[in-house]
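Examining the three-dimensional arrangement
So you can see what is in the structure, the chains are spelled out below.
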Amino acid sequence: MIDRRAFLAAPVALAACGSGEAAVVPIERPVPSLKSIAPFPIGAACMTGQLSDRVWSNLVSEHFSQLTADWEMKMEYILQRDGSFRFDAPDRIAAFARDQNLRLFGHTLIWYAQSHPWFEALTGDRARFAAEYDRYIATVAGRWRGQVVGWDVVNEAVSEDGQGLRDCVWSQGLGGIDAYILRAFEQAKLAAPEAVLFLNDYNLENNPVKGATYLRLVERLLKAGAPITGLGTQSHLDIDIPAGQITVFMRELAQFGLPIHVSELDASLRDDGRLPDLRPRRQRIERQTARVAELAEAFMALPRAQQFAFTTWGVRDIDSWLRRGDKDDGQDSPLLFDAKGGANPMFHAAANAFAP
Ligand code: G3I
């Protein structure tokens, strides 16, 4: 006789099998809606190709309240070689967000990694470069004015090793690193005065040197009058960093009193491309859930006014940039949901941290 309480407590089911013995198999217990239990928006990166995917859209409807365009709101998609603009894809994402009552987050206006021939041809003519720079920001940041709740105005200004700042086509064209960053924020504020304007970067938790350089940059830009009104930490987590590192950085980030966006969370089970990782998967998942839990708890500990949004860089593992290209081993599970829409262990790590 099966004890009903025990049966209901354990998410298992009985399945008949040949021997007449009842086999006990795990059943998927319904998971809570993440956006319902979190006291702040839950975001996800998206592409137009996902909008008609039933599994994807059901997960977004159930768990998310904000979307970020993975790449189709970037210069690489919008700016054409002749200096013209195309907006078909980002307009579809904006329309989907509006129709589904989802917030829309703009990513990203100016990024060192998205140099463009149109601008490279102008680096010798500062006046023209500046005019085109301003035109690009005004056109793009102004297009969804009133719908986009925030913009990553400048992305990844700090060097990979965190020892300094990146020189790039923008600093070359405008006469310096602070010059391009300040100008971008000033132009974005003119174009989208209601939007929260973010300086966004990655590896800030993973690499304390880089985190410290980012914080010094924020301090310097704010002192110079940059209208930075939000701070974005991408949180592409390295699951092998020491416990506590994330918490320390989040506390330091909060010192400016500005809204904070965990803007691109994923937590690869791979190890710096050292494939196949030799440690058992179970151990790597334990490390992953521990770091995701730490990030979610650190975000929960912020004052509500500083909890802008908690965004994952995709919905399902198969949607992740980490599951594309030659480094993909088909095994990585860096996001909240598996290909079928089942909740991964890191979903539960986040949900447990967000639950009231
Ligand atoms: O889908 C098109 C395909 O139709 C076309 O033939 C092909 C050739 O150009 O491009 C394909 O689009 C690619 C897109 O990913 C979808 O796969 C783009 O070229 C490619 O540039 C784009 O890469 C994105 C990358 O940023 C550069 O924009 C990744 O998806 C995106 O996840 C990644 O995201 C970045 C954040 O913006 C900043 N932080 C780091 C993060 C990960 O690198």
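Residues numbered from 1 in each chain as written. Predicted model: local features only at pLDDT ≥ 70, side-chain atom pairs only at ≥ 80, totals over all residues. Heavy atoms only, no water.

1. A few points about the overall build of the protein
As a reminder of what qualifies: Here a helix means four or more residues in a row that DSSP labels H or I, a strand means two or more in a row labelled E, and each is numbered from the N terminus. When checking whether two residues touch, look at their non-hydrogen atoms; a contact exists if any pair is within 4.5 Å. All accessibility values rest on the Shrake-Rupley procedure with a 1.4 Å probe; residue burial counts only the protein chains present in the view.
Counting its secondary structure elements, the protein contains 13 helices and eleven strands. Residue pairs in contact within the protein that sit at least 24 positions apart in sequence constitute 74% of those at least 6 positions apart. Accessible surface, the protein as shown: approximately 15,500 Å² in total, 53% of it carbon and sulfur.

2. Here's the deal with the site of the ligand
To keep it simple, the criterion reads: The nearness test applies per residue and asks whether one of its heavy atoms lies within 4 Å of the molecule or strand. The term polar contact refers here to a pair of N or O atoms within 3.5 Å; inside protein, the definition further demands a hydrogen-donor-capable atom paired with an acceptor-capable atom, and it admits residues adjacent in sequence only when both atoms are side-chain atoms. Amino acids outside the nonpolar list (Ala, Val, Leu, Ile, Met, Phe, Trp, Tyr, Cys, Pro) and the charged list (Asp, Glu, Lys, Arg) are all regarded as polar, and Gly is one of them.
In the region of the ligand, 16 residues are neighbours, and D70, K74, E76, H107 and E264 sit closest. Residue E264 places a side-chain N or O atom 2.7 Å away from a nitrogen atom belonging to the ligand. Contact with the protein chains removes 57% of the 780 Å² of surface that the ligand exposes when unbound. Looking at the shell around the ligand, its residues break down into five nonpolar, five polar and six charged.

3. Observations concerning the pattern of salt bridges
What counts, and what does not: For salt bridges, the criterion is a side-chain nitrogen of Lys or Arg within 4 Å of an Asp or Glu carboxyl oxygen. Between buried and exposed lies partly exposed: a residue is buried under 20% and exposed over 50% of the maximum accessible area for its type, with that area taken using a 1.4 Å probe on protein chains only.
Summed over all chains, the structure comprises 15 salt bridges. Notably, a salt bridge pairs R284 with D240, separated by 3.6 Å at the nearest N-O pair. In this pair, R284 is assigned in helix α12 (residues 281-300) and D240 in the loop between β9 (236-237) and α11 (245-253), connecting sequence segments 44 residues apart. Relative accessible area serves as the criterion here: at 3%, R284 is assigned to the buried category. Of the residues examined, D240 reaches a relative accessible area of 25% and is grouped as partly exposed. When salt bridges that share partners are traced, they join D53, R316 and D319 into one network.

4. Describing α12
For the α-helix, the turn length of 3.6 residues means that residues three or four positions removed from each other point alike. Convention followed: Between the first and last residue of a helix there are one fewer steps than residues, each counted as 1.5 Å, and that sum is the expected span.
Spanning 20 residues, α12 covers 28 Å between terminal C-alpha atoms, matching the ideal 28 Å at 1.5 Å per step. Of the positions making up α12, those classed as buried are R284, Q288, T289, R291, V292, A293, E294, L295, A296, A298 and F299. Against the buried residues of α12 lie β9, α11, β10 (260-267), β11 (307-312) and α13 (345-354).

5. A short note on the pairing of strand β3 (residues 42-46)
Here is the rule: Note: two strands are recorded as paired if DSSP finds a minimum of 2 bridges between them. Here, the term right-handed applies to a crossover whose path from the first strand over the helix to the second runs clockwise when the strands point away from the viewer.
A large share of β3 lies buried, amounting to five of its five residues. Going residue by residue along β3, you find I42, A44 and C46 tucked away on one face and G43 and A45 tucked away on the opposite face as well. Summarising the sheet, β3 and β11 pair through three bridges and their orientation is parallel. Looking across to β11, one finds that I42 is bridged to F310. Of the pairings in the sheet, the one linking β3 to strand β4 (residues 66-69) comprises four bridges and is parallel in character. Looking at β4, one finds that A45 is bridged to T68. Handedness of the crossover joining β3 and β4 through helix α3 (residues 54-63): right-handed.

6. Some remarks on the packing of α11 against α12
Inclusion rule: The axes used here are C-alpha line fits, helices contributing only the stretch in contact, and every angle between their N-to-C directions lies in the interval 0 to 180 degrees. By definition in this entry, angles of less than 35 degrees are roughly parallel, angles greater than 145 are roughly antiparallel, angles of 65 to 115 are roughly perpendicular, and the rest are oblique. Handedness of a crossing is defined here by the sense of rotation of the near helix relative to the far one, left-handed for an anticlockwise turn of less than a right angle and right-handed for a clockwise turn.
Following both chains from N to C, one finds α11 and α12 inclined at 25 degrees, their axes separated by 9 Å at the closest point. Judged by the inter-axis angle, α11 sits roughly parallel to α12. Of the two elements, α11 crosses α12, and the hand of that crossing is right-handed. Contacts between α11 and α12 involve Q245, I246, T247 and M250 from the former and R291, E294, L295, A298 and F299 from the latter. The class makeup of the residues in the contact of α11 with α12 is five nonpolar, two polar and two charged.

7. So, the confidence of the model for the protein
Definition in use: The pLDDT value tells you how sure the predictor is about a given residue, anywhere from 0 up to 100.
Looking at the protein, the pLDDT average stands at 92 and 90% of residues meet or exceed 70. The low-confidence segment residues 1-19, where pLDDT is below 50, has 27 contacts with residues more than four positions distant or belonging to other chains.

8. What about the side chain of S268?
If you trace the backbone, S268 turns up in the loop between β10 and α12. Given the relative accessible area of 14%, S268 is considered buried. A polar atom in the side chain of S268 sits 3.0 Å from the backbone nitrogen of R270. When neighbours within four sequence positions are excluded, S268 is seen to be in contact with L237, I239, L322, D332 and P334.

9. Re the environment of F96
You can see F96 is positioned in helix α5 (residues 88-99). Spatially, the C-alpha atom of F96 lies 9.2 Å from that of T48, the residues being 48 residues apart in sequence. The contact partners of F96, leaving out residues within four places of it in the chain, are L51, W56, L67 and L102.

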